[in-house]
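Listed here are the chains, written in short residue letters.
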Amino acid sequence: MKCLKQLRAGECARIENIDAPAEVRERLKMLNVFPGAEIRLIKSVFFGSTFLLEASGVRVGVRGGLAEKIFVRAEGAATEGKGGERP
């Protein structure tokens, strides 16, 4: 298990635990970020201080401090193009 900060862009993972106060976990849950949810890291910006992730079609920006408290189990890289590759 690793934290969200350790994922690479395009990598998919399943959230295992969020070590944050209840009100933060509840807000994240409203944005489809909760234990058991599948997420994909879109990119990290500002030298890894902010992370953009996608959870069930919702894009969420997370600061580095919170990203260290979201523990995930990596599931592999996502494919960019569905239905085949472009030449």
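In the block above lies the structure referred to throughout.
Structural notes, computed from the coordinates. (Residues numbered from 1 in each chain as written. Predicted model: local features only at pLDDT ≥ 70, side-chain atom pairs only at ≥ 80, totals over all residues. Heavy atoms only, no water.)

1. Observations regarding the environment of Lys5
Quick note on the threshold: Each helix is a run of DSSP H or I of at least 4 residues and each strand a run of E of at least 2, with the numbering of both proceeding from the N terminus. Working rule for contacts: check all heavy atoms of both residues, and any pair within 4.5 Å makes them a contact. Side-chain atoms alone can form a polar contact between residues adjacent in sequence; in general such a contact is a pair of N or O atoms within 3.5 Å, and within protein one must be able to donate a hydrogen while the other accepts it.
Inspection of the secondary structure puts Lys5 in the loop between strand E1 (2-3) and strand E2 (11-18). As a C-alpha pair, Lys5 and Ile70 span 65 residues in sequence and 8.4 Å in three-dimensional space. Those residues in contact with Lys5 that lie beyond four places of it in its chain are Gly48, Phe51, Gly64, Ala67 and Glu68. Within polar-contact distance, the side chain of Lys5 engages the side chain of Glu68 at 3.2 Å.

2. Some words on the pairing of strand E5 (residues 58-63)
Stated formally: Each pair of strands is called paired provided DSSP finds at least two bridges between the two strands.
In this sheet, E5 lies alongside strand E4 (residues 50-55) in antiparallel orientation, the contact comprising six bridges. Residue pairing in the sheet places Phe51 in a bridge with Val62 of E5. Taken together, E4 and the strand that follows it, E5, pair antiparallel across an intervening segment of two residues, in which Ser56 is found at a positive phi of about 50°.

3. Structural notes on the side chain of Glu11
Note the cut-off: Partly exposed residues are those whose accessible area sits between 20% and 50% of the maximum for their type, while under 20% is buried and over 50% is exposed, using a 1.4 Å probe and protein chains only.
Relative to the helices and strands, Glu11 is located in strand E2. Residue class for Glu11 comes out buried when judged on its relative accessible area of 8%.

4. Thoughts on unusual backbone geometry
The phi torsion at Asn32 lies on the positive side, around 70°, for a residue other than glycine. Among the secondary structure elements, Asn32 is positioned in the loop between helix H1 (22-30) and strand E3 (38-45). The exposure class assigned to Asn32 is partly exposed, which follows from its relative accessible area of 23%. Of note in this structure, Ser56 is not a glycine but carries a positive phi near 50°. On the secondary structure map, Ser56 appears in the loop between E4 and E5.

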